Amino acid sequence: MGSTLIFKGRICLKPFYHQGSFFTLNSSIFKSSHLPLSARSLCTRDPYPKPGARLTERRSDAQGGVNKSTFQNKEGDFWDGARRGKSSTLRQKPSFPKSVFAAGTAKRTAEIQKRKAALFFQEQEQHGGEPERRTSRGTASLQPPDRPLSAAEWRDLKESRGNAPRFDIRMMCTLFTTAAELNIAKSLLTFVATETGTLSYELLLRYLTLCVRGGHDAEVFDIYEIMRGNFPALDTGASSLFIQSFSRTERWKEAISILDEVKKVFTPSPRNYGEIITAAMLNGDTTTAWALYDEIIEKGLTPHQETWEALFKAAGNPKQEEAMSASEHQERLLGILLYMRENQIYPQHSLTSTIKAWFEILESGGRLSRLSGQKWTGSWTSATPKGVCSCCGSQLESIKLTDEEYQQLKDRVMADIIQGRDVFKKTTPEELESFKAFVKKKPFFDVVVDGLNIANLNNDKKLLSETLLAVVSELERQGLTVLVLGRKHMLWPSRSWDRNNMKLIQQKAHCFFTENISEDDPFLLYATLHSGNHCRFVSRDMMRDHKACLPDGATRRLFFKWQRGHQLVVDGFVTAGKRVRFQSIPTYDTIVQTSADSWHVPYDDTEDRSTYEVPQKWLCLTTKH
């Protein structure tokens, strides 16, 4: 740190006994055997919320994720010739890519609802007067000084705030959030050291966060020496911040030592690994970079996209050592694309641009050993509703599950969702067996309808049965065998459930009504999967709870693929006198894919994509010219 603090901290201060998480100059006091239990635990975990202390942990792994695993697109050709002789097709809206799974749909829907709510509250204010204003806790927040203060000035400021408890911590937080000058923060530390003869672990950690965010790496080095010399261990936040700072300097290799110490206590985050990998690649140490990358994969972690970007950008770096051949490095990079495919990860636009640039510099000399002598061209594109790349004309992979995939998914859903440990919280053994017997007696269904979910499409509770009847009538008009799942209260005549409408529904479709306390989703999944790969289901439910019941990521991704190819969503509201329309179901799978002469990479071009949505933009990489 600066000379003033070092002088105050190392020369002028008298030794103090260890108390809580404070350090003094008598370093012998700080051996773990002399620390009280509370102090030792404080130095190995975070006892207080630390805004910014996990600066390096904020990005989610995702995609993911959840990482960020996400749903893929849906199938457009509804039956694929598998309807056993029935030639009619489901009426779908021709607009594309209108889909509940299209990236940004959930965000746009939420914004529409928010605007409607805002209009409602405006009307309330006009009729009921101005709403009561709440007093924010931030109104009494500390105001940071605009210049470094002397100890006397800090003392006066503290007294003016009524000698507020934790004044130093709160002020350092304020300096961090307002991005104040470093010298102001240093003057605060000097004041605290002068007043108390000690600097707490928490205060140093807040100051460290400020230094790392501001890029004051030389200051970070000084803090590192002080904290390592006076505390027996560093917590998660401090270790991560030191790794981040050291990794962007000449002392980047010391970050590896910090990482090794972290490993003894807990599993480092992908961010911790990624920062050192980036430093290693920038300094030409590919052996270390790929060794750390392999550790990430072995531990079951998902690398951050910035890590992949660093690996692609460093390809061809003249600093790279000769320990790994160019062809081997290239195969490792292609392995990243295959990893994205297997884990259904979508690169962000920045990473995708780097991938595009890497492919385009592949010269005729053959920087890809298995595709030597070919020149690659990258283009930003999209897919047609039939799954054809608009750029190169390649057919994208079908979203239809293979027979093997379908059977695997069916078995897992039956075991983990339908017959899971908590299944009888959703139904009773007698009801479940009754439903299974009911399904076996019926012909295979073409469509299974979540009756209560669909009935509530319109906000008018008087139109529940009318809405459901309109949807069932449209499906019946197309010659489909329909099963409607509902609850018994729907059979009781009321303003919401018209007796005649319910009779018509039972004439047009097979119906099964569960007890009112039962959940109908397990029944819906059972009937749909039992009927075969051609059967679709109609519901607005994204099935996230049921997806979470599945035992592993591979099965959950398979469920997403099946869902996008089989779930029908009513487009808009059901209006009297108008035919019901359903959102489009694309025929292709939204996943990284490759062939002999092309790669197709779906990528994120928006920050609005929810976890169950898929991108609509593609990068086409091809040798076709």
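The text that follows walks through the structure, step by step, so that each part is easy to find. (Residues numbered from 1 in each chain as written. Predicted model: local features only at pLDDT ≥ 70, side-chain atom pairs only at ≥ 80, totals over all residues. Heavy atoms only, no water.)

### Digging into the overall build of the protein
- Of the regular secondary structure elements, the protein holds 23 helices and twelve strands.
- Looking at the protein as a whole, 52% of its 625 residues are labelled buried.
- The contacts of the protein with a sequence gap of at least 6 include a subset with a gap of at least 24, amounting to 74%.
- In the structure as shown, the protein presents an accessible area of about 29,200 Å², 50% of it carried by carbon and sulfur atoms. (Helix = DSSP H or I, 4+ residues; strand = E, 2+ residues; numbered from the N terminus. Buried < 20%, exposed > 50% of the residue type's maximum accessible area, 1.4 Å probe, protein only. Contact = heavy atoms within 4.5 Å. Areas by Shrake-Rupley, 256 points an atom, 1.4 Å probe, with all protein chains shown as cover.)

### Quick notes on the sheet that holds strand β4 (residues 377–381)
- Spatial ordering of the open sheet is given by β4-β12-β11-β10, a layout of four strands whose pairing is antiparallel. The two strands at the open ends of the sheet, each matched to only one other strand, are β4 and β10 (593–595). With strand direction ignored, the average angle separating the axes of adjacent strands in the sheet is 15°.
- Inspection of the sheet shows strand β11 (residues 598–603) paired to strand β12 (residues 617–622) by six bridges, in the antiparallel sense. Among the inter-strand pairings, Y603 is bridged to a residue of β12, identified as K617. (Pairing = 2+ DSSP bridges. Axes fitted to C-alpha atoms, helices over the stretch in contact; angles between N-to-C directions.)

### Notes on the nonpolar core
- Grouped together as the largest cluster of nonpolar side chains are 83 residues, with contacts concentrated most on F242 and F359.
- Broken down by element, this core gets its largest block of residues, nine residues, from helix α7 (residues 201–214).
- Here this core gathers at least three residues from each of two domains, domain 1 (151–316 + 329–334) and domain 2 (335–397 + 586–624).
- Look past the residues within four positions of F242 in its chain and what remains in contact with it is L208, V220, I223, Y224, M227, L234 and I258.
- Judged by nonpolar contacts, the second largest core, of 30 residues, contains L432, F435, F445 and L485. (Core = buried A, V, L, I, M, F, W, Y, C linked by side-chain atoms within 4.5 Å. Domains from an automatic or database assignment.)

### Here we look at the packing of helix α14 (residues 326–342) against helix α15 (residues 349–360)
- Where α14 meets α15, the closest approach of the two axes is 13 Å, and the angle between their N-to-C directions is 140°. Comparing their axes, α15 and α14 come out oblique. Here α14 runs over α15; the crossing is left-handed. Two secondary-structure elements touch here, α14 through Q330, L333, L334, L337 and M340 and α15 through L351, I355, W358 and F359.
- Per-class residue counts for the contact of α14 with α15 are eight nonpolar, one polar and no charged. (Parallel < 35°, antiparallel > 145°, perpendicular 65-115°, else oblique. Left-handed = near helix turned anticlockwise from the far one by under 90°. Nonpolar A, V, L, I, M, F, W, Y, C, P; charged D, E, K, R; others polar.)

### Digging into the sheet that holds strand β6 (residues 482–487)
- Spatially, the five strands line up as an open sheet ordered β7-β6-β5-β8-β9, and their pairing is parallel. The outermost strands of the open sheet, each flanked by one partner alone, are β7 (510–514) and β9 (567–568).
- With five bridges joining them, β6 and β7 adopt parallel strand pairing. Looking at the pairing, L485 lines up with F512 of β7.

### Quick look at helix α9 (residues 236–247)
- The first and last C-alpha atoms of α9 sit 16 Å apart over twelve residues, in line with the 16 Å expected at 1.5 Å per residue.
- Burial of α9 is extensive: twelve of the twelve residues sit out of reach of the surface.
- Those residues of α9 that sit buried are T236, G237, A238, S239, S240, L241, F242, I243, Q244, S245, F246 and S247.
- As for α9, its buried residues are in contact with α7, α8 (217–230), α10 (252–263) and α11 (270–282). (Expected span 1.5 Å × (residues − 1).)

### Remarks on the pairing of strand β5 (residues 447–450)
- Covered by surrounding structure in β5 are V447 and V449 together with V448 and D450, the residues of both alternating faces.
- The sheet contact formed by β5 and strand β8 (residues 536–538) spans three bridges and is parallel. Residue V447 lies in a different strand from β8, and its bridge partner there is R536.

### Comments concerning the packing of aromatic side chains
- Within the structure shown, the criterion is met by 22 aromatic pairs.
- Taking the centre distance of 4.9 Å and the plane angle of 75° together, the rings of Y224 and F242 count as edge-to-face. With a gap of 18 residues between them, Y224 in helix α8 and F242 in helix α9 connect regions that are remote in the sequence.
- Classification of Y224 as buried rests on a relative accessible area of 12%.
- Cluster of aromatic residues (ring-pair linked, three or more members): F435, F438, F512, F523 and Y526.
- The cationic tip of R213 hangs over the ring face of F176; the distance from NZ or CZ to the ring centre is 4.1 Å.
- It is R251 that lies over the ring of F221; its NZ or CZ is 4.2 Å from the centre. (Phe/Tyr/Trp six-rings, centres within 6.5 Å; stacked < 30°, edge-to-face > 60°. Lys NZ or Arg CZ within 6 Å of the ring centre and 35° of its normal.)

### Notes on α7
- Taking 1.5 Å per residue as the helical rise, α7 with its 14 residues ought to reach 20 Å, and the 20 Å between its terminal C-alpha atoms agrees with that figure.
- Within α7, twelve of the 14 residues are buried, leaving the element largely enclosed by the surrounding structure.
- Where α7 ends, the next residue or the one after it, G215, has phi of about 75°, a positive value.

### Structural notes on the environment of I226
- Looking at where I226 falls in the secondary structure, it is placed in helix α8.
- Put simply, I226 and L204 are 22 residues apart on the chain and 9.4 Å apart in space, counted from C-alpha to C-alpha.

### Comments concerning the side chain of S245
- With respect to the helices, strands and loops of the structure, S245 is situated in helix α9.
- Sequence-distant contacts of S245, defined by excluding residues within four places in its chain, comprise V212, D217 and V220.

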